[in-house]
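Remarks on the overall topology
Given next are the chains, with one letter for each unit.
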Amino acid sequence: MSSKLSRFLSLLFVAEHNCLLCDRELPAPSRYRLCAPCYATAFEVIGNRCCLKCGKMLLSEENYCLDCQNHDKAFDRAFSPVSYTGGAVKLVTGLKFHNKRYYAEPMARWMTDRFLSEEIAVDVVLPIPLHPNRRKERGYNQSELLAKTIAQALRLPLDVTSVVREKDTLASTGLTGGRKAREENMKGAFRLTAKDNIKDKVVLVVDDVITTGATSSEIASVIKKGGAKKVYVLCFASTREKPPIQEGY
Ligand SMILES: [Zn+2]
Ligand SMILES: [Zn+2]
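Note that this is a predicted model, so its numbers are computed, not measured. (Residues numbered from 1 in each chain as written. Chains lettered and ligands numbered in written order. Predicted model: local features only at pLDDT ≥ 70, side-chain atom pairs only at ≥ 80, totals over all residues. Heavy atoms only, no water.)

1. Here's the deal with the coordination of the zinc ion (ligand 2)
Four donors placed tetrahedrally about a metal ideally form angles of 109.5 degrees, and six donors placed octahedrally ideally form angles of 90 or 180 degrees. On the protein side, the zinc ion (ligand 2) has Cys51 (SG), Cys54 (SG), Cys65 (SG) and Cys68 (SG) as donor atoms, found 2.3 to 2.4 Å from it. Geometry at the zinc ion (ligand 2) is tetrahedral, judged from the four donor atoms that bind it and their angles of 104 to 118° at the metal. Linear spacing of the donor residues for the zinc ion (ligand 2) on their chain is C-x2-C-x10-C-x2-C. One end of the pair, cysteine 54, is in the loop between α2 (36-41) and α3 (66-70); the other, cysteine 65, is in the loop between α2 and α3, and 11 residues separate them in sequence. By the burial criterion, cysteine 54 is buried, and cysteine 65 matches it. (Donors = N, O, S within 2.8 Å, 3.2 Å for Na, K, Ca; no water. Tetrahedral: all angles 85-135°; square planar, octahedral: opposite > 155°, others 65-115°. Helix = DSSP H or I, 4+ residues; strand = E, 2+ residues; numbered from the N terminus. Buried < 20%, exposed > 50% of the residue type's maximum accessible area, 1.4 Å probe, protein only.)

2. A short note on helix α7 (residues 142-154)
The first and last C-alpha atoms of α7 sit 19 Å apart over 13 residues, in line with the 18 Å expected at 1.5 Å per residue. If you check which residues of α7 are buried, you get Gln142, Ser143, Leu146, Ala147, Thr149, Ile150, Ala151 and Leu154. The inward-facing, buried residues of α7 contact α4 (86-97), α5 (104-116), β3 (124-127), α6 (132-138), β6 (202-210) and β7 (230-238). Directly after α7, the chain includes arginine 155, whose backbone phi takes a positive value near 55°. (Expected span 1.5 Å × (residues − 1). Contact = heavy atoms within 4.5 Å.)

Structure below.
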């Protein structure tokens, strides 16, 4: 089947009342469109006990994850409702690579609820832009789909023009060499095209997943150079902190 046709069909036949993960019919309306067993077992919900910088689930009693203790990031704080495990991996990859655009709305609702629990006031919502080549290939920007619902829910303007992606960066998951390579890969990836929308504003950047924070940090530094007061980042999922290597194993 051509990808255009399958895209069209997937828009027509979206099971509104079925669980996004297991596809079983939902007995009652569900805010995140998940059945109770999937919600209870397939996700690691992070809550407020998270790294005060990047929002990752904390494995220690510290206030910051090991990475944030050792590396500065240009954004003020980042949040995600869940860890990048199990069900979250399925939702993120479905939305990003398998054209499951209808995942975006319930995912964004979960993100909005997480953000509202922090009671932070923001002025504008800005999705991480895709490079035009990628956008053409995929047909849509998954972060923009998430950001659209979030902006509506928060009654804030959605800004999809002030920052563009100039460099067709490699997928950071395919990079070897760790943090340094990721940071190098992201350098100069974004360019500010207009300052008016972000000058003196508090900006909420939206992305699907936060891993090392290299992407969010790079776009935050570009936005801050343009005069933004603060930059917060809201993602659906954050990768888990690596547990310390256990002695003797
Ligand atoms: Zn289910
Ligand atoms: Zn952190």
